[in-house]
Amino acid sequence: MERCSPATARPICPWAVAVIAIVSLMGPDATAEPLRVTGTGSPLGIVRLAGQAFSRGRPGTEIVVLPSLGSGGSLRALREGAIDLAVSAKAPDDETLAWAEVRPWARSPFVIAVQADLPVAGITTAQLAKAYSGQMTEWPDGRRLRVVLRPRDDTDTRILSVLGPGMGEAVASALDRWPNAVAITDQDGAAALETIPGAIGTLALGQILAERRALKPLSLDGVAPTLASMADGTYPHAKSFHLVTRRPAREAVSAFVEFLDSPETRSLLEVHGFQPVPARP
């Protein structure tokens, strides 16, 4: 098995430097009070689409969706006031709840993804453990199998590690053996999966659909990762997303959060592979 090219794996920038650099590019002509959003990468495509619709209904309100800083980086940026809204894949802890308003928003099937032209429709957890442990090195068509890893503390890594027997040990050993095969953000991971021959890795179904990625999700142990199978529990592997704002949030931020829970956005979520959480009464 080969590692990802170093070009597909980059060290993460300190969140503050990244946010300041991005915001500075907006220039002096940018809206005086843009609403800045970032977070885990999977749902940012939907947030961007929703932001465009929201801005059309509120002239003068600009939604700026920044490149992903991940859940942890975006929460730190939010607490320091560098952004207005974080979309987090991590369940809120007591420390976050002490200063932030956290709103459950959506779920999407957690999938094992490969390039669309790979002649494979499914994989078992036993085969997956062999792939990550280095025992399975080729696809049936002879293509070299290459694993795209995520950081050790990433949500994807945590979910992957408990998919089935032996997965925790297999993932840990892969991270130890191939440290340069790590894609930092969801977008890094998707790009690596699209460009590295024979690549296999993890994504949310919603990211594949919303970003129109040339990737396909594999069935796992004979079950296809669909919204229906996730909803009825036959496919139990999912990523959950939360909307997080500082307390108190300014009016435009609260209005956008409400819009993200509106029927218009909920329909957008469902079309793109996300299941909205039950609406608030």
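Residues numbered from 1 in each chain as written. Predicted model: local features only at pLDDT ≥ 70, side-chain atom pairs only at ≥ 80, totals over all residues. Heavy atoms only, no water.

Some details on the environment of Val-47
- Checked against the element boundaries, Val-47 lands in helix H2 (residues 44-57).
- Look at Val-47 and you get buried, because its relative accessible area is 0%.
- Taking the C-alpha atoms as reference, Val-47 lies 7.5 Å from Val-65; in sequence the two are 18 residues apart.
- For Val-47, the residues in contact, after removing those within four places along its chain, are Val-37, Val-65, Val-87, Trp-105 and Phe-256. (Helix = DSSP H or I, 4+ residues; strand = E, 2+ residues; numbered from the N terminus. Buried < 20%, exposed > 50% of the residue type's maximum accessible area, 1.4 Å probe, protein only. Contact = heavy atoms within 4.5 Å.)

Some thoughts on the packing of H2 against helix H12 (residues 263-271)
- One can describe the packing of H2 onto H12 by two numbers: an axis separation of 10 Å at closest approach and a directional angle of 150°. With respect to H12, the element H2 is oriented roughly antiparallel. The hand of the H2/H12 crossing is right-handed. Taken together, the residues of H12 that come into contact with H2 (itself represented by Ile-46, Leu-49, Ala-50 and Ala-53) are Glu-264, Thr-265, Leu-268 and Leu-269.
- Each residue belonging to the contact of H2 with H12 can be placed in one class, and the counts come to six nonpolar, one polar and one charged. (Axes fitted to C-alpha atoms, helices over the stretch in contact; angles between N-to-C directions. Parallel < 35°, antiparallel > 145°, perpendicular 65-115°, else oblique. Left-handed = near helix turned anticlockwise from the far one by under 90°. Nonpolar A, V, L, I, M, F, W, Y, C, P; charged D, E, K, R; others polar.)

Focus on the pairing of strand S1 (residues 35-39)
- Within S1, five of the five residues are buried, leaving the element largely enclosed by the surrounding structure.
- By the alternation rule, side chains of S1 split into Leu-35, Val-37 and Gly-39 and Arg-36 and Thr-38, which are all buried.
- Bridging between S1 and strand S2 (residues 63-65) involves three bridges; their strand directions are parallel. Bridge pairing in S2 places Arg-36 opposite Val-64.
- Once you follow S1 into H2 and on to S2, the crossover reads as right-handed. (Pairing = 2+ DSSP bridges. Right-handed = clockwise from strand over helix to strand, strands pointing away.)

Describing empty space enclosed by the protein
- All told, the structure shown has one cavity of 30 Å³ or more when counted by the stated rule.
- The volume enclosed by the largest cavity comes to roughly 70 Å³.
- Broken down by element, the residue count for the lining of the largest cavity peaks at three residues, all from helix H6 (residues 155-161).
- Considering only residue class, the lining of the largest cavity consists of six nonpolar, two polar and two charged. (1 Å grid on protein atoms, 1.4 Å probe; cavity = no way out; pocket = protein on both sides within 12 Å on 5 of 7 lines; lining within 4 Å. Points joined across faces, edges and corners; volume = space filled by probe spheres on them.)

Details of the packing of aromatic side chains
- Under the defined criterion, the tally for this structure stands at three aromatic pairs.
- Ring geometry for Phe-54 against Phe-259: centres 5.5 Å apart, planes inclined by 55°, an arrangement best described as tilted. In this pair, Phe-54 sits in helix H2 while Phe-259 sits in helix H11 (residues 251-260), placing the two residues 205 residues apart along the sequence. Judged on exposure class, the residue Phe-54 and its partner Phe-259 are both buried.
- Plain terms: the ring middles of Phe-241 and Phe-274 are 5.9 Å apart, the flat faces sit at 65° to each other, and that makes the pair edge-to-face. One end of the pair, Phe-241, is in strand S10 (residues 238-246); the other, Phe-274, is in the loop between H12 and strand S11 (275-276), and 33 residues separate them in sequence. In terms of burial, Phe-241 and Phe-274 fall into one category: buried. (Phe/Tyr/Trp six-rings, centres within 6.5 Å; stacked < 30°, edge-to-face > 60°.)

Some details on the side chain of Asp-84
- If you trace the backbone, Asp-84 turns up in the loop between helix H3 (70-79) and strand S3 (85-88).
- Dropping the residues within four chain positions of it, Asp-84 is found in contact with Pro-34, Leu-35, Arg-36, Leu-78, Val-244, Thr-245, Arg-246, Arg-250 and Val-253.

Considerations on the confidence of the model for the protein
- Considering every residue of the protein, the mean pLDDT works out to 89; 88% of them sit at 70 or more.
- Of the regions scoring below 50 in pLDDT, residues 1-31 engages in 54 contacts with residues more than four places distant in sequence or in other chains. (pLDDT = per-residue confidence, 0-100.)

Topic: the pattern of salt bridges
- With the rule as written, the count across this model stands at 18 salt bridges.
- In this structure, Arg-150 engages Asp-186 in a salt bridge whose closest nitrogen and oxygen atoms are separated by 2.9 Å. One end of the pair, Arg-150, is in the loop between strand S6 (146-147) and H6; the other, Asp-186, is in helix H8 (residues 186-195), and 36 residues separate them in sequence. In this structure, Arg-150 and Asp-186 share a single accessibility class: buried.
- The salt bridge involving Lys-239 is made with Asp-156; its shortest N-O contact spans 2.6 Å. Pair noted here: Lys-239 is in strand S10 and Asp-156 is in helix H6, with a separation of 83 residues, a long-range link.
- Overall, Lys-239 belongs to the buried group, its relative accessible area being 1%.
- What makes Asp-156 buried here is its relative accessible area of 0%.
- Through salt bridges with shared partners, a single network forms among Arg-150, Asp-154, Asp-156, Asp-186 and Lys-239. (Salt bridge = Lys/Arg side-chain N within 4 Å of Asp/Glu carboxyl O.)

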